[in-house]
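# Understanding the architecture of this molecule
Now for the letters of each chain:
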Amino acid sequence: MKTLLEQMTLHEKIGQLMQLSPFFFLADLEKEAAGPIRELHLDEEKIYSAGSILGIGNAAEMIAVQSKYLERSRLKIPLLFMADVIHGYKTIFPVPLALAASWNPDTARRCARVSATEAATSGIHMTFSPMADLVRDPRWGRCVESFGESPLLSGRFAAAMVEGYQNGDLKRSDSVAACVKHFAGYGAAEGGRDYNTVDLSRQSLQSAYLEGYRQAVKAGCRGVMTAFNPIEGIPCTVNRYLLRDVLRTQWGFDGLTISDYDSLAETIAHGVAEDPSQAALMGLEAGLDIEMASSCYINHLEEHIRSGNLPLKLLDEAVLRVLTLKQDLGLFDNPNKGADALRESTTVQHPDHLRAAHEVAAECAVLLTNDGTLPLNPAVSVAILGPYALAVKTNGPWSWHGYHDENPSLAEVLTARGISPVFAKIAGCPEEYSDHDIDRIRKADVVLLALGEPENWSGEAHSRTDIGLPGRQAEFVPFVRSLGKKAIVLLQNGRPLVLEEILDASAILETWFLGSRASEAIADLLYGVTNPSGRLPMSFPRSVGQIPVYHDALPTGRPNQNENHPGEYVTKYLDAPNSPRFAFGHGLSYSRFEVRNLSLSASKIRKDDVLAVEVDIINHGPLAGDTVIQLYLGDPVARISRPVRQLVTFRKIHVAVNETLRVRFELDIHDLSYRLADGTLVCDPGRINLWVGDSPDRLLSSAFVLE
Ligand code: GLC
């Protein structure tokens, strides 16, 4: 690639760092594109110097754009096509927050593998996924795209998705390069309001917020997208500390960096760049390679290089990273790579893919409460009420290629299984049901309440100040109980919600947005075909006033209020407990699991020892099922304040009825270590507290000493 670089003109080099919509290559530039062209100060020659494309619809479109572009490319450098394939392409999997609720990274790997297989046939070369932003604020709309509040869970799932997309060999026609985002700390937006400022210390960044991206880079992702927000007052897109000190020096990342949509030009609005020219200079200096959607680089870098403001070396390094990715993808040998209209038609929504989506979805739901009403007996008659009673919009945000109308509703699925509902009708509140409707509802033994948020109440630019059930949905539970019926709530939502008003339901099943086969999975869970195994990847607060509430909080000088500390001057609220309504790691099963006989291989270990931790897990029945053994550590004395209890590892395991399995974890120095503000990994001698269990309210505890 260095030989090619030497042949390129300055203008051709700069063009490689511009990413445009395919619109500019498909539209009539005079008539349709004149506005945007003027706005971006582009011309046809600049457009045809672009290095990559944002978003593409299908193989035919991609092939058309690529060939039209290459006809005019002097050096025949192919375009790189990137897109948002977030939790499926045309076969839609559960949203990432739901994937994390499976506590099984294989579900994410499987989702990514199927997504890449489908997206590659449309000519997509890189996906803007995984999103690895740590989130502790459910008001933020993009919770739905995250893996939740745990640095460990975020890291495991981000790495699994990178592996699934890239499949160990980028040259394969069904591989897609991964671009982790949004680097960094985007999930800490103040007030949970999207695009709002972020104020994180380097300690918080290094010990928690960076972990997801760090593991994605370690797994070999080839791109990193910068976040809209500032870190230490400097927008991530032009933040040298993040893009060079952390990414290149500390992590050794050699892939490409790309801005978020227009985020380089937005450095002007952030008040750090005077104009697009200064934005361009700051971007290249800080280590930004590709500029997405705005035109600072193409319009101003040349003058900075020619005037000596910017060394040519910085430009060459950035361009070489882009060319290297194109080469590693095999684009110089085959510019269309996996794009193939015929294969596209037979690959997308292939039955095997839909089956995978169904199986994954069944692992991602979380049974929050259950008075024993679930699982249902097929002989029991059901009615389905509420705003989502006939829902097919179960794909969730960022499922732009997924078709809703091909998703079956729950009523259709139950009918196909011979257990058709006696009544199913959409209503925003009970008042909308007529007396005749109510007579029919009375005929049901059990009522399923399909409640929650619309798809577009989470996702980008969709934050909320009130995270309760929308409208008058809370009236449904008392309404059903007034009919003397059991109420089972099926929740669809893209964030943790405040559920205080529906806690007296017979059961609450958290179904997030489970994708193309959501209804099949929900039916399996309702009737015990699948035993629920999901666990919460994010705490559910009792009220929005508790936010942020998360599992790995630091200790406080004043103790938590509890029976041992009833006093006045303790850390407490006057009107609520400190604990969340549903804790991180919570999730019920239809079976009664018991964890017992915790043992440690030693009570004292040295730094290079491995500590074996073992427990028995028993399934007392009545159903075989999966459960998640969670292992938490707490370092009560360290050089900095450490979380009282933080998830360190976990294992999802299948246990047959009346089976006892012995589960073994091996902890090494890495599990006991943490990051200081400068990114170094350290650990401190002394006592380490340990908890193990399959539910946060049923943990066995122990301790050991690190010498
Ligand atoms: C959006 C999102 C980002 C996405 C990009 C390209 O603004 O912030 O997640 O990948 O633009 O669509």
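These remarks concern the structure in this document. (Residues numbered from 1 in each chain as written. Predicted model: local features only at pLDDT ≥ 70, side-chain atom pairs only at ≥ 80, totals over all residues. Heavy atoms only, no water.)

Right, let's talk about the site of the ligand for a bit. Inspection of the region around the ligand gives 13 residues, with Asp84, Arg142, Lys181, His182 and Asp260 positioned closest. Within the side chain of Arg142, a nitrogen or oxygen atom sits 2.8 Å from an oxygen atom of the ligand. Taking Glu460, its side chain carries an N or O atom lying 3.0 Å from an oxygen atom of the ligand. For the shell around the ligand, a count of residues per class yields 7 nonpolar, 1 polar and 5 charged. (Near = heavy atom within 4 Å. Polar contact = N/O pair within 3.5 Å; in protein donor to acceptor, adjacent residues only side chain to side chain. Nonpolar A, V, L, I, M, F, W, Y, C, P; charged D, E, K, R; others polar.)

A separate point is the nonpolar core. Judged by nonpolar contacts, the single largest core of 211 residues is most densely connected at Phe25, Phe183, Leu385, Leu448, Leu449, Trp512 and Leu526. With near-sequence residues (within four places) excluded, Leu449 lies in contact with Leu385, Phe476, Val477, Val480, Ala487, Ile488, Val489 and Leu490. Of all hydrophobic cores here, the second largest spans 23 residues; its members include Val613, Leu633, Ile653 and Phe704. (Core = buried A, V, L, I, M, F, W, Y, C linked by side-chain atoms within 4.5 Å. Buried < 20%, exposed > 50% of the residue type's maximum accessible area, 1.4 Å probe, protein only. Contact = heavy atoms within 4.5 Å.)

Let us now look at helix H19 (residues 435–442). The periodicity of an α-helix, 3.6 residues per turn, causes residues three or four places apart in sequence to face the same way. Among all positions in H19, only Asp437, Ile438 and Ile441 are buried. The buried side chains of H19 occupy one side of the element, clustering within an arc of 95° when seen end-on. Among the exposed residues of H19, those pointing more than 90 degrees away from its buried face are Asp435 and His436. Of the surrounding elements, those touching the buried residues of H19 are strand E12 (382–385), strand E13 (423–424), strand E14 (446–452) and helix H20 (476–482). (Helix = DSSP H or I, 4+ residues; strand = E, 2+ residues; numbered from the N terminus. Arc of directions from axis to C-beta.)

Every buried residue belonging to helix H12 (residues 240–250) is among Tyr241, Leu242, Leu243, Arg244, Val246, Leu247 and Arg248, and all of these are buried. Measuring from the side-chain oxygen of the N-cap residue of H12 to the backbone nitrogen of Tyr241 gives 3.1 Å; that N-cap residue is Asn239. Gly252 occupies a position one or two residues after H12 and carries a positive phi of about 70°.

Moving on, we get to the layout of surface pockets. Considering only enclosed or pocket space, the largest pocket measures out at about 1,200 Å³ in volume. Forming the walls of the largest pocket are 33 residues, and the residues nearest its centre are Tyr550, Asn560, Asn578, Ser579 and Pro580. Of the residues contributing to the lining of the largest pocket, the split by class is 17 nonpolar, 11 polar and 5 charged. Approximately 1,000 Å³ is the volume attributed to the second largest pocket. Lining the second largest pocket are 43 residues, with Pro151, Ser207, Arg642, Gln646 and Ser673 sitting closest to its centre. Listed by contribution, the elements that provide at least two residues to the lining of the second largest pocket are helix H9 (151–166), helix H10 (202–209), helix H11 (211–218), strand E20 (625–634), strand E21 (646–655), strand E22 (660–667) and strand E23 (674–675). At 6 residues, the largest contribution of residues to the lining of the second largest pocket is made by H10. Taken together, the residues of the lining of the second largest pocket break down into 19 nonpolar, 13 polar and 11 charged. (1 Å grid on protein atoms, 1.4 Å probe; cavity = no way out; pocket = protein on both sides within 12 Å on 5 of 7 lines; lining within 4 Å. Points joined across faces, edges and corners; volume = space filled by probe spheres on them.)

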